[in-house]
Each structure stands twice: as C-alpha cells, then as structure tokens.
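Report on the structure
Chain residues, written in single-letter form:
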Amino acid sequence: NRRNVLDSRICFADGFSFGVATASYQIEGAWNVSGKGEGIWDRYTHAHPEIVVDRSNGDVADGSYYKVKKDVALLRELGISFYRFSIAWSRILPNGLSNYVNEDGIRYYKELLAELRRNHITPVVTMYHFDLPQSLQELGGWTNPIMAEYFVDYARVLLDTFGDEVKIWLTFNEPYTFCEDGYGGIEAPGANSSGFEDYMCGHNVLRAHGMVYRMFDKEYRKKIGGHMGITLDFSWLEPATTSEEDQQAAETARQFYFGWFAHPIFSKSGDYPPIMRSMIDANSKRQGFYHSRLPYFTPEEVKMIRGAYDFLGLNHYTTYLIKHGSRRLGVQPSFVDDMNVIKFQKDEWPKTNSSWLKVVPWGFRKALNWVRLNYRNPKTLITENGVSFERGLRDTKRVNYIDSYLRALHTAIHQDGCLVVGYAYWSFLDNFEWTRGFSERFGLFEVDYQSPNLTRTARLSAKYYTNVAKTGCLPNNFADYTYNTD
Ligand code: PNW
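So, a few notes on the structure that sits alongside this text. Since this is a predicted model, take the numbers as computed values, not measurements.

1. Looking at the sheet that holds strand β6 (residues 227-233)
- Around the barrel, which closes on itself, the eight strands sit in the order β2-β3-β4-β5-β6-β8-β11-β12 with parallel pairing between neighbours. In this sheet, adjacent strand axes meet at a mean angle of 25 degrees when their direction is disregarded.
- Examined bridge by bridge, strand β2 (residues 17-21) and strand β12 (residues 420-426) share five bridges and lie parallel to one another. Bridged to S17 within β12 is G422.
- Lying on the sheet, helix α7 (residues 147-162) is in contact with β4 (122-128), β5 (168-173) and β6; it crosses β4 at an angle near 160 degrees.

2. Here we look at the packing of aromatic side chains
- As enumerated under the stated definition, the model contains 62 aromatic pairs in all.
- Where F234 meets F258, the ring centres are 4.1 Å apart and the plane angle is 5 degrees; that geometry is what we call stacked. Of this pair, F234 sits in the loop between β6 and β7 (236-239) while F258 sits in helix α10 (residues 244-266); the two residues are 24 residues apart in sequence, bridging distant segments of the chain.
- Looking at F258, the relative accessible area reads 1%, which means it is buried.
- Sitting over the ring of Y220, K223 keeps its end group 4.9 Å from the ring centre.

3. Concerning the sheet that holds strand β10 (residues 341-344)
- Taken together, three strands build an open sheet; the order of strands is β7-β9-β10 and the sheet is mixed. Because the sheet does not close on itself, it has two edges, and the strands there are β7 and β10. Neighbour-to-neighbour, the strand axes of this sheet turn through a mean angle of 35 degrees, independent of strand direction.
- Sheet contacts for α10: β7, β9 (319-324) and β10; angle to β7, the most-contacted strand, approximately 165 degrees.
- Its contacts with the sheet place helix α14 (residues 361-374) against β7 and β9, and it is angled at close to 100 degrees to β7.

4. Here we look at helix α11 (residues 274-286)
- Relative to the 18 Å expected for 13 residues at 1.5 Å per residue, α11 spans 18 Å between its end C-alpha atoms, a close match to the ideal helical length.
- Taken together, the buried positions of α11 are occupied by M276, R277, I280, N283 and S284. Across the axial projection of α11, the buried residues extend over an arc of 150 degrees, all falling on one side. Turned more than 90 degrees from where α11 packs its buried face, P274 and K285 sit exposed.
- Buried positions along α11 lie against α9 (197-224), α10 and α13 (335-339).
- Once α11 finishes, G288 follows within two positions and takes phi at roughly 90 degrees, a positive value.

5. Considering the pattern of salt bridges
- Applying the stated criterion to the full structure yields 28 salt bridges.
- For the salt bridge of D430 with R441, the shortest nitrogen-to-oxygen distance reads 2.6 Å. Of this pair, D430 sits in the loop between β12 and β13 (445-447) while R441 is found in the loop between β12 and β13, placing the two residues eleven residues apart along the sequence. Here the two residues D430 and R441 agree in accessibility, since each one is buried.
- It is possible to trace a salt-bridge network through shared partners that takes in R391, D430, R441, E446 and R459.

Rules and cut-offs
Residues numbered from 1 in each chain as written. Predicted model: local features only at pLDDT ≥ 70, side-chain atom pairs only at ≥ 80, totals over all residues. Heavy atoms only, no water. Pairing = 2+ DSSP bridges. Helix = DSSP H or I, 4+ residues; strand = E, 2+ residues; numbered from the N terminus. Axes fitted to C-alpha atoms, helices over the stretch in contact; angles between N-to-C directions. Contact = heavy atoms within 4.5 Å. Phe/Tyr/Trp six-rings, centres within 6.5 Å; stacked < 30°, edge-to-face > 60°. Buried < 20%, exposed > 50% of the residue type's maximum accessible area, 1.4 Å probe, protein only. Lys NZ or Arg CZ within 6 Å of the ring centre and 35° of its normal. Expected span 1.5 Å × (residues − 1). Arc of directions from axis to C-beta. Salt bridge = Lys/Arg side-chain N within 4 Å of Asp/Glu carboxyl O.

Structure, rendered in structure tokens:
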C-alpha cells in the first residue's frame, strides 16, 4: 500500500476496512430445513404471494445455507476484510424462545464463522434483520413490550454461542424500515396501523436494544471483548427550496426518519427528538386521545438507552427533497400525517432499477456531516451502501455509483473529519429483495436463478471493488472498469 509522490489516487487510511453485506432471509433459503422455525417473512410471502412483484419468496433464495465454502471463496476473491451477515432468529430458536435451541442452526453459523476465520475475513453480525419468529408475531410481535425480554434471551444465546468468534455485533438492522413498513406499509408482518403500532414497535425495539447493550456491557465485554452497535438507515433529506419553511420541514423530516431511533441512543440528552415528541403529542390531543400515540420512556429507560453504543452502523443509499406539508393536520393518524412534510426526488437525478433509489452522491457527505454535528461524531461503520440495476455482468453504472459514493465518503472523512472506520457494499450477491422479489439486483456477483445450482458470476463491479479493497484506493484507471468488457 505504498504510494509514490506522483500517485494522485484517492486513498483511504491504512486502518480503513472494506466489506460486503447480506441478510439471512434474503440469501439463505432452506426456510424449513433442519429444525428451522417459521419466520414472519416465510408466513407473509406464503400467505400473500401477491405482495411480492414477481410472486417469489425466500424459500430457496441464493441457497447460501448449502454454499458456505463457495460463498466464502468468493468473499476471499473480493479481497475484503469483513463480511456483514445476519443470523436468523428462528434458525437458532425455532419458536423464538430460549428453552429450545436448534443445534443445526448453531452448526450452520459455526461452519460459516470457521470458514471466514480460515480466510482471514472478520465477521460483523446482525442479530435481527427483519425476520421475527412467527410464533412471537402471534404474541403481537414488536408491539408487545415483552418482546424486548425475548430479544435479550436470544441475544444471550448468540453471545454465549458465538461470542468467542464474533467481536462486532449489531443488534438491529433499520428499525425504521421494519417498524414503519411492517406496521404501516407493505412489509412483513403487513399490519396497517401507522401512527400507532409503528410507534409501539419502535419503542420496544429501542428498549430491547438498550437492554441487550447493557447486558453485553455488564456481563460479556470483560470476558469476551467486542463492540456493539445498531444499524440505522439515513437517506439524506435536503430542503426543496431555501425558504425558511422548507428548511424547517427538512430538519423535522430528519428527526422523524432518522432521529426517531438515533436521538434516544446517540444524542447527549437521549429520549425521542423534541420535535417528534411535541408534534405527535399535539396531534394526538387534537385527535381526541387522552394519551400521546408516541409512548413515553421512564427516566430509567431514557438513561439505559442513551449512550448504548460503541459505534453507529449507517445504511445510506439515496437522497430526497423535502417541502413543508400543507395538510390539514390530524385527519387520519399516521406517521406521515404527524410529520407533515412532502418528500420527493428530482426527475433529473440518475435513475436505478429501484424506484426509491436515485444516484445522489453529495447527499452521502451531507448525511455523514449531519450525524457528526448532531451526535458528537460517533465512530461509524457504513453497514450498507449500494444500488440495483438490470441483470448483466457489464454493470458500468454500478461501478460509477460505488466510485462516486466512495469519493463523497472520502471527502466526509478527510476534509470534514467524520469518524468513519469502514464501508460495506450492499450486496455481496443478488438476493431476495423483499417485496421487489428477485427483480432488483444489488449484487457484485450475479446469481442465475434459472440454474439448478444458483451459479454466481462476478460482475465488472466485483473486479472494481476488489481493486479498491486490496489497494485502499480508488483506481485512476477507473475507465478500465467502465468501458472494458473483460
Ligand atoms: C435496506 N430507503 O433497506 C435493507 O437493509 C436491505 O435488506 C435491503 O435489501 C436494501 O436496503 C436494499 O433495498 C432500505 O428508502 C430500504 O432509503 C429503503 C431505503 C433504504 C434502505
């Protein structure tokens, strides 16, 4: 990694890590094999095939459950230093509870960890990436306060079983996504109760996160070492105009979308963002409720959750514009009604294969700086950044996306002083993209879903990313990866 004086490449510091990310339900398949219990995405896609655009599901997905050796060989090929994956709760505890542990589930993740170790790839493990055991959903899922205790039990099993091998833990992936889209949108479990159950879910997830972090701190840190954080999703939210109203609206939107989960954990004062508290309280009152629809933490809970992190896991994909809303407040309770802003994207921003994802690299720098300024520059790991395009190996647009986002990241670190320690591309492989099925492809490796062994083939972007991971620098001959067919 030595550079001569004429080398004008953009390089990350020596200690900076590159990796790739996946999640259990999106790649493993083997949904009912070897003692695995049913998860909410199993139930949801089986009961409602119509909610997935191509009527697919994760029953088979990438078959990664059967391909530990193959997948780790490909990770090795990429030259990355860490692999972020998630553990399926129902593979470890088939009915969600700790009284029965499924040994084959343990065996699978142990095998994966051993193979990663042999190849010098550091595991970064997400405890929960959207796949709640169905039996716990039947008790109310994340709207039930007791779920926090069940999550603590599950986390204890993981720390006891894998704590020697795994030193970097994420409790949750994107609570905003699974609470809002799961309880007020079209993701599993498919409840339609925005403005109520989304807030209950968020409340219990924050409690669960705080409880697991405190347990880790008290009972495990000394014994097994390691670091624990949470992954939050932050699309940059830019005011649509310079008007005072729109600036204010954009800040409100940041507090609702990101601050909802970030403020209780990462701010100095803790608890929900004051603007969220006051707007939802006022709206609830106007609607005739005696209690706010946003639950209150006890002072002890505020304290437990505040500062419950060693680092922030940040997912960032895109940017939106925000205008102030002119809605008549309080007509129909919902998250969007409580926030009262209008969110959209510019037509001229480059499109991708995901309707919500436009290519806006400067938003990445702004999001990172907002985090730095609002939460005292927390140590940050980019746990996901990525893009979907059409099938095909010559994915020059993906190379462009990664290169431009890495440039923005480099500026945020080296010009602005953001404390970012690593970057994971989403995703390692094409995979089951939730309600978009297999129609949206984010992989550095293409998966051929027609072939019986689900063949993986490196895209051009895999070659580009290998070069970045191995040198720590963005290549000057980046055109090679853009125009050559190779
Ligand atoms: C992430 N947004 O969700 C998830 O963590 C992954 O499981 C998923 O496959 C990936 O993004 C790609 O969709 C997001 O609207 C959902 O900005 C929505 C947004 C960002 C991330």
